[in-house]
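So the chains spell out like this:
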Amino acid sequence: MIHTAQFYLMLEPSEVSDLCKNMGEDIALLPNKLDSRFVGIKTAFRKHGHFWWMFVYVDFIDLLGKPQISEKDMPAVRCKMDEYLTYLFGASDKELILTRPDRKLLLKLYRKTAEKHGFKKKYDQYESTVYFNSKSCHVVCYDKMEERLAKGENVQPYEKDVLRYEVCLLNMHLNYMKRQYGIEKKIGNYMKDDLWKKYFNGNVCPIFYRGNYYKITEATKIIHKSSLSD
């Protein structure tokens, strides 16, 4: 079961002003007040463009005070989170939007992949990015929304809740392709659909596997039930 998750709300400046007035705190100090009142819930506010973003990080284990969280605990989770929203906004139709667990869990799984693939070496020191780099090519998977927010830039609608996969071809590779296959170093040669699919399938898919992911205990059960030899 998922133990942590991140949610967000987009707020108008007037809503933030009303919130600070009702809470009797400046926006910079409001997270501390909320964090001290609600166990298992952390709050952050960031302004991007005209809007404010309220990020809510929930640790369900701390929230409910129990080590194991299952589906039957969802009513209790909803009750705690409704209490949090009511404290902030009173009786309103505000609803937190889930944004992180799937992306966060995928990145956590990707950090468990092989340390190398071919000549590409893994770099995973950043929570929201996993690289596989060689001297001629980089394969990257990163949280596009987190990247934008970290840079203080506006998040576009097509960037929300997105994991982005990239294959970055370096000059060494372009020189090799020209020398070996006669492909000139022109942008038009690298915008062809067939070549795009070839690079993606040949570089991204062998590292970030498609299909189902299992815990090792569940994978072992499936293997033992199969007709495969020891």
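Because the structure is predicted, anything quoted here is derived from the model rather than measured.

Caption draft 1: Looking closely at the environment of histidine 117. On the secondary structure map, histidine 117 appears in strand β5 (residues 116-117). Look at histidine 117 and you get partly exposed, because its relative accessible area is 29%. Sequence separation of histidine 117 and isoleucine 207 is 90 residues, and the distance between their C-alpha atoms is 7.1 Å.

Caption draft 2: Expanded view of the pairing of strand β6 (residues 120-123). A one-sided burial pattern is seen for β6, the buried positions being Lys120 and Lys122 and the unburied ones Lys121 and Tyr123. Pairing of β5 with β6 involves 2 bridges; the strand directions are antiparallel. Within β6, the position partnered with histidine 117 by the bridge is lysine 120. Between β5 and β6, which pair antiparallel one after the other, the connecting turn spans 2 residues, and glycine 118 there sits at a positive phi close to 65°. In terms of strand pairing, β6 meets strand β7 (residues 129-133) through 3 bridges, oriented antiparallel. Across the sheet, the residue bridging to tyrosine 123 is tyrosine 131, located in β7. The turn joining β6 and β7, which pair antiparallel and follow one another in sequence, is formed by 5 residues.

Caption draft 3: A look at the packing of aromatic side chains. Applying the stated criterion across every chain yields a total of 10 aromatic pairs. Seen in terms of ring centroids, tyrosine 8 and tryptophan 53 are 5.2 Å apart; in terms of plane orientation they differ by 35°. Their pairing is tilted. Placement of tyrosine 8 in strand β1 (residues 4-11) and of tryptophan 53 in strand β3 (residues 51-59) is noted, with a sequence separation of 45 residues between them. Since its relative accessible area comes to 6%, tyrosine 8 is described here as buried. A ring pair is formed by tryptophan 53 and phenylalanine 55, whose centres lie 6.0 Å apart and whose planes are at 15°; its orientation type is stacked. The ring of phenylalanine 89 has lysine 94 lying over it, and the distance from NZ or CZ to the ring centre is 5.7 Å.

Parameters and conventions
- Residues numbered from 1 in each chain as written.
- Predicted model: local features only at pLDDT ≥ 70, side-chain atom pairs only at ≥ 80, totals over all residues.
- Heavy atoms only, no water.
- Helix = DSSP H or I, 4+ residues; strand = E, 2+ residues; numbered from the N terminus.
- Buried < 20%, exposed > 50% of the residue type's maximum accessible area, 1.4 Å probe, protein only.
- Pairing = 2+ DSSP bridges.
- Phe/Tyr/Trp six-rings, centres within 6.5 Å; stacked < 30°, edge-to-face > 60°.
- Lys NZ or Arg CZ within 6 Å of the ring centre and 35° of its normal.

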